[in-house]
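Here are the chains, one letter per residue:
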Amino acid sequence: MVASEFEDLHGRKIKLTAERWTHIVLRHPEVSVHFNDISSVLNDPDIIIRSRFEENARLYHKKYKDYYLVVVVDTFKKFVVTAYASYHIKKGDLEWKKS
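Values in this document were obtained by computation on a predicted structure and should not be read as measured data.

A. Molecular detail of the side chain of Asp 8. As for its position among the elements, Asp 8 is in the loop between strand E1 (4-7) and strand E2 (13-16). A polar atom in the side chain of Asp 8 sits 2.8 Å from the side chain of Arg 12. Within polar-contact distance, the side chain of Asp 8 engages the side chain of Tyr 60 at 2.7 Å.

See below:
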């Protein structure tokens, strides 16, 4: 996989490097089948949460079947930090929610 660039809901260009994709696949192998869905999560999320731990991190959530695909973005550096599946919306401050 080579570096990819996606656009988020707010029109920001977000990069996904080969190194980050390798990290995601090794640490969260359930996400390996979702590479083509990352664009949709960023561009059309169900909800965006501000991280409780990192000031610039945003957690984009999109529902797939019985779980959420969560893509964590550093909005200052504009890159994907990680992605994983979760059965719950992560805790943090609500930044945006689909109406």
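Still more ground to cover, so stick around.
B. The arrangement of the pattern of salt bridges in detail. For the structure on display, the rule yields 9 salt bridges. The closest approach of N and O atoms between Lys 98 and Asp 46, which form a salt bridge, is 3.6 Å. In this pair, Lys 98 is assigned in the segment after strand E7 (93-97) and Asp 46 in the loop between helix H2 (38-43) and strand E3 (47-50), connecting sequence segments 52 residues apart. By relative accessible area, Lys 98 is classed as partly exposed at 35%. Each of the salt bridges in this network shares a partner with another, and the network as a whole consists of Asp 44, Asp 46, Lys 62 and Lys 98.

C. A look at the nonpolar core. In terms of nonpolar packing, the biggest core is built from 18 residues, with Leu 16, Ile 24, Ile 38, Leu 42, Val 71 and Val 80 touching the most fellow members. Breaking this core down by element, the ones donating at least two residues are E2, helix H1 (18-27), H2, strand E4 (57-64), strand E5 (67-74) and strand E6 (79-86). The element that contributes the greatest number of residues to this core is E5, accounting for 4 residues. Among the nonpolar cores identified, the runner-up in size contains 8 residues, and Leu 59, Val 70, Val 72 and Tyr 84 belong to it.

D. Representation of the environment of Ser 86. Assignment of secondary structure puts Ser 86 in strand E6. Ser 86 gets classed as buried once you look at its relative accessible area, which sits at 6%. The sequence separation of Ser 86 and His 61 amounts to 25 residues, and the corresponding C-alpha distance is 9.0 Å. A polar contact is formed between the side chain of Ser 86 and the backbone oxygen of His 88, at a distance of 2.7 Å.

Criteria and thresholds
- Residues numbered from 1 in each chain as written.
- Predicted model: local features only at pLDDT ≥ 70, side-chain atom pairs only at ≥ 80, totals over all residues.
- Heavy atoms only, no water.
- Helix = DSSP H or I, 4+ residues; strand = E, 2+ residues; numbered from the N terminus.
- Polar contact = N/O pair within 3.5 Å; in protein donor to acceptor, adjacent residues only side chain to side chain.
- Salt bridge = Lys/Arg side-chain N within 4 Å of Asp/Glu carboxyl O.
- Buried < 20%, exposed > 50% of the residue type's maximum accessible area, 1.4 Å probe, protein only.
- Core = buried A, V, L, I, M, F, W, Y, C linked by side-chain atoms within 4.5 Å.

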